[in-house]
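# Structural overview
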Amino acid sequence: MLAGTGSDVGKSVIATGLCRIFRQDGYAPAPFKAQNMALNSYATPDGLEIGRAQAVQAEAAGVECCTDMNPLLLKPSGERTSQVVLNGRPIGNRDAYDYFRREGREELRAEVHAAYDRLAARYNPVVMEGAGSIAELNLRDTDLVNMSMARYADASVILVADIDRGGVFASVYGSVMLQEPDDRSRIKGVIINKFRGDMRLFDEGRAIIERTCGVPVLGVVPYFKDINIEAEDSVALEGKSCRAVFGKVNVAVVRSEHISNFTDFDALEAHGRIHLYYAGTPEDVADADIVILPGSKSTISDLRKLRENGMADAVCAAARSGKTVVGICGGYQMLGLEIADPYGVEGMPATVAGLGLLPVRTTIMGEKITRQVRFRFLDDERGCMGYEIHMGSTVVEDDAATLNLIDGVLPDGCRSGNCIGSYIHGLLDNVAVLEYIFASFPDVCAMPFNDRASIRERGYDALADLLREYVDIDRLYKIMECDD
């Protein structure tokens, strides 16, 4: 198990790299995270929903993703409320206080244990991942994902710490020493992540950690930005650009409170003549050449806030000025004429006006659609791929043009003038779509759009190379052999 001293210390990325290393070395690895909290999710081949990070790790391991890799997914829909997805299907919204109470926890515990058992029967090794900090003492009795899961799986634990945020000695020492003795004995190594500068300057630091904690430091991994690995959740957005730059085609993603699946835009970040940034003010939107409204877990709430802070007007102004505006999933719904929530799926029943840029009307439904799709974009004959995760049904006005044709029969999305919208996540991973959107920017189209699958594969291999260089993989194997 890769456990952490806190959130966003790099557990998911290191787990991804280890999945690729074990695959390269001839094993049959698979990822596992008992409980994930993230708005970045993915549709499995059988039409169920898991955290995006476990889908990425499965790809690095060379296996198809399944719900056993992430049996419990929490998708925040408010400050204290999350949609609970169990074994790939939503089972309702839960208040945080109610969710973390002891009542009902054993039923959830049994489900995640059963998922692990099924996975462990098929794959070896299982690369487990914890969540947040392993030293949240107030949650110890109800823990499903950290040390309680390590105990159930009889797993050795590697503690991951982020040195870039500071306080690494205290965070490592506290995370180790606050464990009960049996759990403390499971911690077999430490990986220091996100180191900047000359590694030799931390030689004494390694010795101090090993001396004070009684746990070996297996590696010090440098901070990197040149390896393309999809981020787990929106915490990663804090490090993204938020302003336009001179000399490139500027693409602004409107940053909403409940933004989801922002990995939809990784293909744009990877292109040398495109600058992608996350706009937080109307002025930021005005500076863009192309504007994107992303997915949202709480579409109506986010739309209201975009109206309050002037972002909605800025998007409409961009469209009126002739700039291309793209809506994905919840963003597609916002671009329409109306969004109705008659059953109160997102809160109190309500009907709100959309931005009016696309002639479509949406009704939010209680049943979630999750599926992988193959589609044709407009009249382009090249096959495209993506996936859907949404709880809305959108009707296109009779005289409006649809955007995509799924499986040769199902219409998706809408096009009107310089505005397009679609429910399909991964829409912008397809070259046919990108060439259409950037057709008026010849400098961009002169540089070919790279195949996203190839980019991801190169990223996994580069990450594996990095970990082999800076982490003692032989010692890690010895720790794993002792588990057996």
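Look up: the structure comes first, before these words.
Structure report, in brief. (Residues numbered from 1 in each chain as written. Predicted model: local features only at pLDDT ≥ 70, side-chain atom pairs only at ≥ 80, totals over all residues. Heavy atoms only, no water.)

Our focus in this paragraph is empty space enclosed by the protein. To find the voids left in a structure, one rolls a probe of water-molecule size over its atoms. Under the defined criterion, the tally for this structure stands at 1 cavity of 30 Å³ or more. Size it by volume and the largest cavity reaches roughly 30 Å³. Residue lining of the largest cavity: Val-251, Leu-268, Ile-290, Ile-292, Val-326, Leu-428, Leu-434, Ile-437 and Phe-438, and that is the complete set. Among the elements of the structure, strand E16 (290–293) and helix H14 (431–437) are those that each provide at least two residues to the lining of the largest cavity. (1 Å grid on protein atoms, 1.4 Å probe; cavity = no way out; pocket = protein on both sides within 12 Å on 5 of 7 lines; lining within 4 Å. Points joined across faces, edges and corners; volume = space filled by probe spheres on them. Helix = DSSP H or I, 4+ residues; strand = E, 2+ residues; numbered from the N terminus.)

One finds Phe-265, Leu-268, Leu-355, Leu-428 and Phe-438 to be the most contacted residues of the largest nonpolar core, which totals 68 residues. Ala-30, Val-84, Ile-187 and Ile-209 belong to the second-largest nonpolar core, a separate cluster that totals 53 residues. (Core = buried A, V, L, I, M, F, W, Y, C linked by side-chain atoms within 4.5 Å. Buried < 20%, exposed > 50% of the residue type's maximum accessible area, 1.4 Å probe, protein only.)

Moving on, we get to the sheet that holds strand E3 (residues 35–37). The strand order across the open sheet built from 4 strands is E3-E6-E7-E8, with neighbouring strands paired in mixed fashion. The open sheet is flanked by E3 and strand E8 (89–95), the only strands paired with a single partner. Strand-to-strand twist in this sheet, taken as the mean axis angle between neighbours without regard to direction, amounts to 25°. (Pairing = 2+ DSSP bridges. Axes fitted to C-alpha atoms, helices over the stretch in contact; angles between N-to-C directions.)

Before going further, it helps to spend a moment on the packing of aromatic side chains. A complete count under the given rule lists 11 aromatic pairs for this structure. Between Phe-22 and Tyr-477, the aromatic rings sit 5.6 Å apart at their centres with planes inclined by 55°, giving tilted as the arrangement. Pair noted here: Phe-22 is in helix H1 (residues 11–24) and Tyr-477 is in helix H17 (residues 473–483), with a separation of 455 residues, a long-range link. Each member of the pair, Phe-22 as well as Tyr-477, is classed as buried. Relative to Phe-449, the ring of Phe-438 lies with its centre 6.0 Å away and its plane at 40°, an arrangement referred to as tilted. Of this pair, Phe-438 sits in the loop between H14 and helix H15 (442–445) while Phe-449 sits in the loop between H15 and helix H16 (452–470), placing them 11 residues apart in sequence. Assessed through its relative accessible area of 11%, Phe-449 is described here as buried. (Phe/Tyr/Trp six-rings, centres within 6.5 Å; stacked < 30°, edge-to-face > 60°.)

So, on to H1. In this model H1 runs 20 Å from its N-terminal to its C-terminal C-alpha over 14 residues, within 8% of the 20 Å that 1.5 Å per residue would give. Burial analysis of H1 places 11 of its 14 residues in the buried class, which makes it a mostly covered element. Among the residues making up H1, those that are buried are Lys-11, Ser-12, Ile-14, Ala-15, Thr-16, Gly-17, Leu-18, Cys-19, Arg-20, Ile-21 and Phe-22. Positive backbone phi, approximately 95°, marks Gly-26, located one or two places after H1. (Expected span 1.5 Å × (residues − 1).)

This part takes up the layout of surface pockets. What the second largest pocket holds in volume is close to 850 Å³. Considering the residues around the second largest pocket, the lining is formed by 31 residues, among which Tyr-42, Glu-59, Gln-372, Met-385 and Arg-456 are closest to the centre. For the lining of the second largest pocket, the secondary structure elements donating two or more residues are helix H2 (52–61), strand E21 (360–377), strand E22 (383–396), H14 and H16. When its residues are assigned to classes, the lining of the second largest pocket shows 14 nonpolar, 7 polar and 10 charged. (Nonpolar A, V, L, I, M, F, W, Y, C, P; charged D, E, K, R; others polar.)

Attention now goes to the pairing of E21. Regular strands show a simple pattern: their side chains alternate between the two faces of the sheet. Both strand E19 (residues 338–341) and E21 contribute to a ladder of 3 bridges, which runs parallel. Its bridge partner lying in E21, Ala-340 is registered against Thr-363. Sheet analysis places E21 next to E22, joined by 13 bridges and oriented antiparallel. Bridging from a neighbouring strand, Thr-370 pairs with Ile-389 of E22. Hairpin connection between E21 and E22: a loop of 5 residues separates the two successive antiparallel strands, and Leu-378 in this loop has a positive phi of roughly 50°. When E21 meets strand E23 (residues 404–406), the two strands line up antiparallel, connected through 3 bridges. Residue pairing in the sheet places Arg-376 in a bridge with Leu-405 of E23.

Let's shift gears to the packing of H2 against H16. Following both chains from N to C, one finds H2 and H16 inclined at 80°, their axes separated by 10 Å at the closest point. By the angle between their directions, the pair H2 and H16 is classed as roughly perpendicular. Residue-level inspection shows Val-56, Glu-59 and Ala-60 of H2 in contact with H16, the latter providing Arg-456, Glu-457 and Tyr-460. Partitioning the contact of H2 with H16 into residue classes produces 3 nonpolar, no polar and 3 charged. (Parallel < 35°, antiparallel > 145°, perpendicular 65-115°, else oblique. Contact = heavy atoms within 4.5 Å.)

Our next topic: the state of the cysteines. For the structure shown, the criterion picks out 0 disulfides. Considering cysteine sulfurs only, Cys-65 is the nearest to Cys-66, which forms no disulfide, with 7.3 Å between them. For Cys-66, a relative accessible area of 14% corresponds to the buried category. (Disulfide = S-S within 2.5 Å.)

What follows is about the pairing of strand E26 (residues 419–422). Every second residue of E26 is oriented toward a common face, with Cys-419 and Gly-421 on one face and Ile-420 and Ser-422 on the other, all of them buried. The pairing of strand E18 (residues 324–328) with E26 spans 4 bridges and is classified as parallel. The residue of E26 that forms the bridge with Gly-327 is Gly-421. When strand E25 (residues 414–416) meets E26, the two strands line up antiparallel, connected through 3 bridges. Across the sheet, the residue bridging to Arg-415 is Ile-420, located in E26.

Glancing now at the sheet that holds E26. Across the sheet, 6 strands lie side by side as E15-E13-E16-E18-E26-E25; this open sheet has mixed pairing. Each edge of the open sheet carries a strand with a single partner, namely strand E15 (274–279) and E25. Recorded for the sheet is a direction-independent mean angle of 15° between the axes of neighbouring strands. In this sheet, E15 lies alongside strand E13 (residues 249–254) in parallel orientation, the contact comprising 6 bridges. Pairing of Asn-250 across the sheet is with His-275, part of E15.

This paragraph deals with the pattern of salt bridges. A full pass over the atoms with the stated rule returns 25 salt bridges. Between Arg-109 and Glu-106 there is a salt bridge, and its shortest N-O distance comes to 3.3 Å. Linking Arg-109 with Glu-106, this pair stays in helix H4 (residues 105–120), spanning 3 residues, or about one helical turn. We classify Arg-109 as buried; its relative accessible area is 12%. Residue Arg-186 pairs with Asp-154 through a salt bridge whose shortest N-O separation is 3.1 Å. Highlighted residues: Arg-186 in the loop between helix H7 (181–184) and strand E11 (187–195) and Asp-154 in the loop between helix H5 (147–153) and strand E10 (157–162), separated in sequence by 32 residues. Through salt bridges with shared partners, a single ionic network connects Arg-20, Glu-457 and Asp-461. (Salt bridge = Lys/Arg side-chain N within 4 Å of Asp/Glu carboxyl O.)

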